[in-house]
Amino acid sequence: MAIFAKLLAHWEDRKLVADFLARRDELAFRRLYRSHTPRLYQLVLRLVNGNEREAEEVVQDTWVRAAERLHLFRWEARLQTWLVGIAVNRCRELFRQRQPRAADTLAENLPAPNFDAHAQIDLERALAALPEGYREILVLHDISGYTHQEIGAMLGLHSGTSKSQLFHARQALRAALRDYAVEKNL
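Residues numbered from 1 in each chain as written. Predicted model: local features only at pLDDT ≥ 70, side-chain atom pairs only at ≥ 80, totals over all residues. Heavy atoms only, no water.

Asker: For this particular structure, what's the right way to read unusual backbone geometry?
Answerer: With the exception of glycine, most residues fall at negative phi, and the peptide bonds are largely trans. Positive phi, close to 50 degrees, is recorded for R24, a residue that is not glycine. Residue placement: R24 occurs in the loop between α1 (2-23) and α2 (26-47). By relative accessible area, R24 is classed as exposed at 52%. Here the phi dihedral of W75 falls at roughly 65 degrees; this positive angle occurs in a residue that is not glycine. For W75, the location among the structural elements is in the loop between α3 (52-69) and α4 (79-98). (Helix = DSSP H or I, 4+ residues; strand = E, 2+ residues; numbered from the N terminus. Buried < 20%, exposed > 50% of the residue type's maximum accessible area, 1.4 Å probe, protein only.)

Shown next as structure tokens:
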């Protein structure tokens, strides 16, 4: 059943893209946007450490770039995978622009705390503390469910590099979560 749903979604994407490209059909573009944006937004939100404004900006830029380059998309991967690749590259650009702002603190990039979600806050902090490359791989693989082959295609890596990065990211995440648990018990 899941395979049928994926094939149907792929067929729908192809039809909507064709309609958009042929006639600049706004309705087709809206349907693509509504179909892919929720998952894309959740992924980007994690990559930008919970900063909603930056996540919205990245998602908007992703769609602008996708619309400009949609005629170049060759369907060698799923449309969602291609969009995620654009979003990850946009996040990288954002991080490069952000580098001079060393005064930013981790707390400024986290969502407002929810008093009944301490474990979620610790996980988000631990994710935010990971080096950018580790965080990207971990979010793409463990949270968004992309394969190492898909991640490699998105990020221009070998699948073995993706696996290695994921291994190290998981180790770093475990260590950070242990540190947060120790801090709470003090």
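Here the narrative resumes.
Asker: Can you help me understand the environment of E57 in this one?
Answerer: Position of E57 among the secondary structure elements: in helix α3. Taking relative accessible area as the criterion, E57 reaches 31% and is therefore assigned partly exposed. The sequence separation of E57 and L94 amounts to 37 residues, and the corresponding C-alpha distance is 9.9 Å.

Asker: How should the packing of α2 against α4 be read in this particular structure?
Answerer: Running from amino to carboxyl end, α2 crosses α4 at an angle of 40 degrees, the nearest separation of the two axes being 10 Å. Viewed along their axes, α2 and α4 adopt a mutual orientation that is oblique. Remark: the crossing between α2 and α4 carries right-handed chirality. Contacts between α2 and α4 pair L32, H36, R39, L40, L43, V44 and L47 from the former with L79, Q80, L83, V84, A87, V88, C91 and F95 from the latter. (Axes fitted to C-alpha atoms, helices over the stretch in contact; angles between N-to-C directions. Parallel < 35°, antiparallel > 145°, perpendicular 65-115°, else oblique. Left-handed = near helix turned anticlockwise from the far one by under 90°. Contact = heavy atoms within 4.5 Å.)

Asker: Looking at this structure, I do not really get the confidence of the model for the protein chain. What am I missing?
Answerer: Here the protein chain shows a mean pLDDT of 84. Residues at 70 or above account for 85%. Highest mean pLDDT in the protein chain belongs to α3 (95); lowest belongs to helix α5 (residues 106-109) (44). Confidence over residues 101-117 falls short of pLDDT 50; this stretch has 18 contacts with residues more than four positions distant or in other chains. (pLDDT = per-residue confidence, 0-100.)

Asker: I tried to follow the nonpolar core on my own but got confused; where do I start?
Answerer: When a protein is soluble and globular, its nonpolar side chains tend to lie buried together. Membership of the largest hydrophobic core comes to 46 residues, with the highest contact counts inside it found for V44, L79, V84 and L140. Elements represented by at least two residues in this core include exactly α1, α2, α3, α4, α6 (118-129), α7 (132-143), α8 (148-155) and α9 (159-185). Top element by residues in this core is α4. It accounts for nine residues. Other than its neighbours up to four places away in sequence, L79 contacts D13, V17, L32, H36, L70 and F73. (Core = buried A, V, L, I, M, F, W, Y, C linked by side-chain atoms within 4.5 Å.)

Asker: I tried to follow the packing of aromatic side chains on my own but got confused; where do I start?
Answerer: Here a ring pair, both rings aromatic, is described through the centre-centre distance and the interplanar angle of the planes. Overall, the coordinates contain five aromatic pairs when judged by the stated rule. A ring pair is formed by F20 and F29, whose centres lie 5.1 Å apart and whose planes are at 40 degrees; its orientation type is tilted. Residue F20 is classed as buried on the basis of its relative accessible area, which comes to 7%. For the ring pair F29 and W63, a centre distance of 5.4 Å and an interplane angle of 80 degrees mean the geometry is edge-to-face. Taken together, the residues F29 in helix α2 and W63 in helix α3 connect sequence positions 34 residues apart. We classify W63 as buried; its relative accessible area is 6%. Three or more aromatic residues joined by ring pairs make a cluster, and in this case those are F20, F29, Y33 and W63. (Phe/Tyr/Trp six-rings, centres within 6.5 Å; stacked < 30°, edge-to-face > 60°.)

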